[in-house]
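Architecture and fold: a report
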Amino acid sequence: MTAPTPRPGSVALVTGGTGGFGRALAAKLGERGVTVVLADLDGERARATAADLGAQFEVLDVTDRAANVALVERIEAQHGRLDAAYLNAGISAAKSDDELDLDEFTRVVDVDLFGVVYGALAARPAIRRAGGGAIVVTASLAGLSPMATDPGYSVAKGGAIAFVRSMAPRLAREGTTITAICPGFADTAIIDRIRDQFTQAGFPVLSAGEVADAMLMAWTSGEPGAAYVVQPGVGTVPYRFKGVPSAKTESGETAVVPEALRPPSMR
């Protein structure tokens, strides 16, 4: 079953919706006639951003499981459906040094990993009731190639990618495609504290629009369980996961993993 793609009248939820990626995505979805609900922490700037985009604004702390469920219920009650959930909210550590701040580590994992889990679980039944759709997770290259400067961010993004891959088969049976977007360094507030280093090195960073294009593609033509790398000068490409060594039977033959236990890349 092919998941429905964006069309006028579709409804999309974007968490972390008033940040760089969320703003760019909301504009592109709005151009296609999609009703966009931007969810973020409350603030005048967040509300003003949503108003400028002609999008609905909803207050959401993604680490609050009940709040995720309540938000989806409000969206269904108001708009009658939910076709896509962009689980885009994310933070990074405020500093990087040899000492691991456990409180900060936990906070990053709560937002970047459990925020994804709670959002997906809340959106799943609503998207199923709409006839299928998409869940798109904003991960990071740090989830594929961990950053020594930010263990919490790396763990959270790696976990989010694993969650996407493991959830993909069951969601696909319902007509919902779940994918992960893995951008490299991008021109958003998350790199503000190290922005001068990119400038001095002449290192290219992605625009928010480039990442939003990848996020839109994930709804229109994403493959279940795929992780899409987005890099300057490279574009958007699916990451090819390397398989692990197979088990051997007593006779030395390669053992066959039961189909129900195979990750999407092995099917």
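Quick summary incoming for the structure in this document. Here the structure is a predicted model, which means the values were calculated and not measured.

Criteria and thresholds
Residues numbered from 1 in each chain as written. Predicted model: local features only at pLDDT ≥ 70, side-chain atom pairs only at ≥ 80, totals over all residues. Heavy atoms only, no water. Helix = DSSP H or I, 4+ residues; strand = E, 2+ residues; numbered from the N terminus. Rg over C-alpha atoms; globule rule 2.2 N^0.38 Å. Buried < 20%, exposed > 50% of the residue type's maximum accessible area, 1.4 Å probe, protein only. Areas by Shrake-Rupley, 256 points an atom, 1.4 Å probe, with all protein chains shown as cover. Lys, Arg positive; Asp, Glu negative; His and termini not counted. Charge placed at Lys NZ, Arg CZ, Asp CG, Glu CD. Contact = heavy atoms within 4.5 Å. Pairing = 2+ DSSP bridges. Salt bridge = Lys/Arg side-chain N within 4 Å of Asp/Glu carboxyl O. Axes fitted to C-alpha atoms, helices over the stretch in contact; angles between N-to-C directions. Parallel < 35°, antiparallel > 145°, perpendicular 65-115°, else oblique. Left-handed = near helix turned anticlockwise from the far one by under 90°. Expected span 1.5 Å × (residues − 1). Bend = angle between axes of the 7 residues up to and from the residue. Nonpolar A, V, L, I, M, F, W, Y, C, P; charged D, E, K, R; others polar.

Observations concerning the overall build of the protein chain
If you tally the helices and strands in the protein chain, you get seven helices and eight strands. In terms of overall size, the protein chain behaves like a compact globule, its C-alpha atoms giving a radius of gyration of 19 Å where 267 residues would be expected to give roughly 18 Å. For the C-alpha atoms alone, the extent of the protein chain along its principal axes is close to 65 × 50 × 35 Å. The 267 residues of the protein chain split such that 45% are buried. Counting every atom, the protein chain has about 13,200 Å² of accessible surface; 53% of that belongs to carbon and sulfur. When the 25 basic and 30 acidic side-chain charges of the protein chain are each reduced to a single mean position, those positions are 8 Å apart.

What about the environment of Leu 60?
Turning to its location among the elements, Leu 60 is positioned in the loop between strand E3 (56–59) and helix H3 (65–79). Sequence separation of Leu 60 and Asp 40 is 20 residues, and the distance between their C-alpha atoms is 5.1 Å. Other than its neighbours up to four places away in sequence, Leu 60 contacts Thr 15, Ala 39, Asp 40, Leu 41, Ala 67, Asn 68 and Leu 71.

Details of the side chain of Asn 88
Mapped onto the elements of the fold, Asn 88 is located in the loop between strand E4 (84–87) and helix H4 (102–129). With relative accessibility at 8%, the residue Asn 88 sits in the buried group. In this structure, Asn 88 is in contact with Val 14, Thr 15, Gly 16, Phe 21, Gly 22, Thr 138 and Met 215, ignoring residues within four places of it in sequence.

Observations regarding the pairing of E4
Here E4 shows two buried faces, one formed by Ala 84 and Tyr 86 and the other by Ala 85 and Leu 87. Pairing geometry for strand E1 (residues 11–15) and E4, over three bridges, is parallel. Its bridge partner lying in E4, Val 14 is registered against Tyr 86. Sheet topology places E4 next to strand E5 (residues 133–138); four bridges connect them, and they run parallel. In the sheet register, Ala 85 faces E5, and the bridge partner there is Ile 135.

With respect to the pattern of salt bridges
A full pass over the atoms with the stated rule returns seven salt bridges. Asp 213 is the partner of Lys 28 in a salt bridge, and the nearest nitrogen-oxygen pair spans 2.9 Å. With Lys 28 in helix H1 (residues 20–31) and Asp 213 in helix H7 (residues 208–221), the pair connects residues that are 185 residues apart, well separated along the chain. What makes Asp 213 partly exposed here is its relative accessible area of 40%. Residue Asp 42 pairs with Arg 47 through a salt bridge whose shortest N-O separation is 2.8 Å. Through salt bridges with shared partners, a single network forms among Arg 124, Arg 128 and Glu 174.

With respect to the packing of H1 against H7
With their axes 8 Å apart at the nearest point, H1 and H7 run at an angle of 55 degrees to one another. Classified by the angle their axes make, H1 and H7 are oblique. The interaxial crossing formed by H1 with H7 has right-handed handedness. The residues of H7 that touch H1, namely those facing Gly 20, Phe 21, Ala 24, Leu 25, Lys 28 and Leu 29, are Ala 208, Gly 209, Val 211, Ala 212, Asp 213, Met 215, Leu 216 and Trp 219.

Comments concerning helix H5 (residues 151–172)
In this model, H5 (22 residues) spans 31 Å end to end at C-alpha, consistent with the 32 Å of a helix rising 1.5 Å per residue. Of all bends in H5, the biggest is about 30 degrees, found at Ser 166, and the proline Pro 169 comes one to four residues later.

Re the environment of Met 167
Mapped onto the elements, Met 167 comes out in helix H5. For the pair Met 167 and Pro 125, spaced 42 residues apart in sequence, the C-alpha to C-alpha distance is 14 Å. Once you skip the residues sitting within four places of it in the chain, Met 167 turns out to touch Arg 124 and Ile 178.

Section: the packing of H3 against H4
Close contact between H3 and H4 brings their axes to 8 Å; oriented N to C, the two are set at 25 degrees. The orientation of H3 relative to H4 falls into the category roughly parallel. The two elements H3 and H4 meet at a crossing, and its hand is right-handed. Residues Arg 65, Asn 68, Val 69, Val 72 and Glu 76 of H3 form the contact with H4, whose participating residues are Tyr 118, Gly 119, Ala 122, Ala 123, Ala 126 and Arg 129. Across the contact of H3 with H4, the residue classes break down as six nonpolar, two polar and three charged.

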